[in-house]
Amino acid sequence: MSSNNTQSRQVENSLGSSIALFVPMIVLFLGAIYSLSFLTLANPWPMAVCLVLFALAFWIPQTLLGRSDSAGEN
């Protein structure tokens, strides 16, 4: 029985690129939390801003930058 030793190469980000990706995403996330400080019953727009920033903070890394299509590789 022959074994095929070719495995997919695991490529990881360098520390610099990881920090460069982390900082804008945490700014989006913290901006979402900060926008809630302006929320009142008369003004619902801060909640809309919060939801958009929160969604972007998770959607960008998982979809545009991540490997969301690699579930069955290992």
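All values derive from a computational prediction rather than experimental measurement.

(A) Helix α2 (residues 45-65), seen in detail. With 21 residues, α2 extends 28 Å between its outermost C-alpha atoms, agreeing within 8% with the 30 Å of an ideal straight helix rising 1.5 Å per residue. Trp59 marks where α2 bends most, by close to 40°; the proline Pro61 follows one to four residues later. Buried within α2 are the following residues: Pro46, Cys50, Ala57 and Ile60. Next to the buried residues of α2 lie α1 (15-35).

(B) Focus on the environment of Ile33. Within the element layout of this structure, Ile33 appears in helix α1. Each C-alpha atom, one on Ile33 and one on Phe54, is 8.3 Å from the other, the two residues being 21 residues apart in sequence.

(C) Spotlight on the packing of aromatic side chains. Across all of its chains, the model carries four aromatic pairs by this definition. Measuring from ring centre to ring centre gives 5.9 Å for Phe29 and Phe54, while their planes differ by 45°; the resulting arrangement is tilted. Of this pair, Phe29 sits in helix α1 while Phe54 is found in helix α2, placing the two residues 25 residues apart along the sequence. On the numbers, 5.3 Å between centres and 90° between planes, the contact of Tyr34 with Phe38 is edge-to-face. With relative accessibility at 53%, the residue Tyr34 sits in the exposed group. Each member of the aromatic cluster is reached from another via a ring pair, and the members are Phe29, Phe54 and Phe58.

(D) Representation of α1 in the model. For α1, with 21 residues, the first-to-last C-alpha span of 30 Å sits near the 30 Å given by 1.5 Å per residue. Regarding α1, the residues found buried are Met25, Leu28, Ala32 and Ser35. Burial along α1 is one-sided: seen end-on, the buried residues are contained in an arc of 85°. Residues of α1 that are exposed and point more than 90 degrees away from the buried face comprise Leu15, Phe22, Val27 and Tyr34. Tucked into the core, α1 has its buried residues touching α2.

Scoring rules and cut-offs
- Residues numbered from 1 in each chain as written.
- Predicted model: local features only at pLDDT ≥ 70, side-chain atom pairs only at ≥ 80, totals over all residues.
- Heavy atoms only, no water.
- Helix = DSSP H or I, 4+ residues; strand = E, 2+ residues; numbered from the N terminus.
- Expected span 1.5 Å × (residues − 1).
- Bend = angle between axes of the 7 residues up to and from the residue.
- Buried < 20%, exposed > 50% of the residue type's maximum accessible area, 1.4 Å probe, protein only.
- Contact = heavy atoms within 4.5 Å.
- Phe/Tyr/Trp six-rings, centres within 6.5 Å; stacked < 30°, edge-to-face > 60°.
- Arc of directions from axis to C-beta.

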